[in-house]
Amino acid sequence: SLVETSDGFTFIYKTRMMKSISFALLASALLGGANGFAPPKLQSAKTADLTKLNVNPDGSTGWDSFCGNDSLELPSGEGARKFRRTVYTHDDWVLHRSQDRFIDYVAAIFKSGVYKNLDNEVRAMTFVAGFVVVWNCITGGYTDLEGIQQAALRPDLPVLSMPLSAFTLTSPSLGLLLVFRTNSSYKRWDEARKNWGMNINHTRDLVRMANVFYDGTGVSPEKRAEDLNHVALCTWAFVRSMKRHLSPEEEDETQFRAELFQKLPQQQAEMIINAAHRPNRALQDLSYAIDSLPMHFMRKNEIQSAATIFEDNLGSSERILTSPVPLFYSRHLARFLAVWLVFMPLGLYDAFSGSWNHAMLIPATAVISTMLIGIEEIGTQLEEPFTVLPMQAFCNKIYNWCMEIVSWAPGDNGRVMKEVRPEHKYFTDGVDPYTYSQY
């Protein structure tokens, strides 16, 4: 359209109007499409097709069991933790060392459970970057789709920018906070794993000593097998009760009850289930079972010392479960990181002057936000280690190994067992070899 000015000059606004419309469309695309740089929205645990996962019957997984399955969408959030209970075999280690591992990891980047949990945060930071780009185009001028520089639509408003030195000065502090966060969380995971490693070692040690120290004099093979089988079951009952004690009720309670009633006598299973502190009750049953074995009291004390280690492992695990990294530290780190990333596009704006309207600031912000928040997310996921440890796999292995150990008997390897020497009678019968008096 034509507009007559007061001084008689006529201006044609059609071209400028078209360019303004083009810029408006660009602004809408930047603001509305900022979310496109964030990972895609996730399926819930209820709708994901989990039957395609390569998960072992005990719930453990190997090297990226779901990697390469493009049709599978894993659950997000808490639902993903059960698929991080990794137990490696030799074949898994071969894949872990593969020269193609970087290609595999990058190809599965949008299926990563860590990145999926950052959906809202990355969207927010990307939106901020898009807002900065659009705002500065409005207030400082922009390049239209034809590559022509246009004047600012609102030159009276300030251009958003900050000196990059502000981020250079604070980045070491942020790095230290992130490193301490992840290191503290990894130490908690490592301690929890070591506690279960001690459980595995000492369950085998306890049952082995019970089998070897058992005095079968005057005892029928059936009675011996029954006593040792009871010790093995009580040993398993403790670690299984500890696993339930450290797991969410909705995940493990039903299976826990079913396993106890399947493997233990009904009354013993009910006593454990009804106890206020189930692992303590299971450990008490184990102590009773050890004390009732026919052997010298010094040998019983040796076996009881192995059982005492279980109490230490339980207490250490309870401390990890009930005491997080101090909340004021975690909260300060989250606030520091959020503020740092929100203002980061202002500091990086001038650095992307070579791109069209500084538009590359948007994907750069999305990538940087994903990587930095991802470090904080890893620390948060590791902080409570028990729901990512394959505790069910540990319990199943302990059961199988204990039951196998008590199935062995002296001389079953073809080697005839020698008679106990007189000087060793004290340790089997409690008889002084010199006075032959009963202790």
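Quick notes on the rules
- Residues numbered from 1 in each chain as written.
- Predicted model: local features only at pLDDT ≥ 70, side-chain atom pairs only at ≥ 80, totals over all residues.
- Heavy atoms only, no water.
- Core = buried A, V, L, I, M, F, W, Y, C linked by side-chain atoms within 4.5 Å.
- Buried < 20%, exposed > 50% of the residue type's maximum accessible area, 1.4 Å probe, protein only.
- Helix = DSSP H or I, 4+ residues; strand = E, 2+ residues; numbered from the N terminus.
- Contact = heavy atoms within 4.5 Å.
- Polar contact = N/O pair within 3.5 Å; in protein donor to acceptor, adjacent residues only side chain to side chain.
- Expected span 1.5 Å × (residues − 1).
- Phe/Tyr/Trp six-rings, centres within 6.5 Å; stacked < 30°, edge-to-face > 60°.
- Lys NZ or Arg CZ within 6 Å of the ring centre and 35° of its normal.

A. Looking closely at the nonpolar core. With 48 residues, the main nonpolar core has Trp 196, Leu 206 and Leu 286 as its most contacted residues. At the level of elements, helix H6 (165–213), helix H7 (221–245), helix H8 (249–263), helix H9 (266–274), helix H10 (278–291), helix H11 (297–322) and helix H14 (391–406) are the ones that each hand at least two residues to this core. In terms of residue count, the dominant contributor to this core is H7 (10 residues). Contact partners of Trp 196, with chain neighbours within four places excluded, come to Val 239, Met 242, Lys 243, Leu 246, Phe 386, Leu 389, Met 391, Phe 394 and Cys 395. Listed in part, the 28 residues of the second largest apolar core include Val 122, Val 132, Leu 333 and Trp 340.

B. Region of the structure containing the environment of Val 219. Mapped onto the secondary structure, Val 219 falls in the loop between H6 and H7. Here the alpha-carbon distance between Val 219 and Pro 294, two residues 75 residues apart in the chain, equals 9.0 Å. If near-sequence neighbours (up to four positions away) are discounted, Val 219 is found in contact with Tyr 214 and Arg 224.

C. Spotlight on the side chain of Arg 81. Relative to the elements of secondary structure, Arg 81 occurs in the loop between helix H1 (14–32) and helix H2 (90–96). Side chain to side chain, Arg 81 and Gln 381 meet in a polar contact 2.6 Å long. Within the structure, the side chain of Arg 81 is placed 2.7 Å from the side chain of Thr 387, a separation counted as a polar contact. Aside from chain neighbours lying at most four places away, what touches Arg 81 is Gln 381, Glu 384, Thr 387 and Val 388.

D. Representation of H8 in the model. Helix length check: H8 (15 residues) gives 20 Å between terminal C-alpha atoms against 21 Å at 1.5 Å per residue, within 8%. The complete set of buried residues in H8 reads Asp 252, Glu 253, Phe 256, Glu 259 and Leu 260. Against H7, H9, H10 and H14 lie the buried residues of H8.

E. Spatial organisation of the packing of aromatic side chains. A full pass over the atoms with the stated rule returns 8 aromatic pairs. Centroid distance Phe 167 to Trp 340: 5.5 Å. Interplanar angle 85 degrees. Geometry classified as edge-to-face. Of this pair, Phe 167 sits in helix H6 while Trp 340 sits in helix H12 (residues 327–348), and the two are 173 residues apart along the sequence. Per residue, the accessibility class of Phe 167 equals that of Trp 340, and both read buried. Seen in terms of ring centroids, Trp 236 and Tyr 399 are 5.9 Å apart; in terms of plane orientation they differ by 70 degrees. Their pairing is edge-to-face. Of this pair, Trp 236 sits in helix H7 while Tyr 399 is found in helix H14, placing the two residues 163 residues apart along the sequence. Judged by relative accessible area, Tyr 399 falls into the partly exposed class, the value being 21%. The ring of Trp 401 has Arg 204 sitting right over it, with the charged end atom 4.8 Å from the ring centre. Over the aromatic face of Tyr 399 sits the side chain of Lys 263, whose NZ or CZ is 4.8 Å from the ring centroid.

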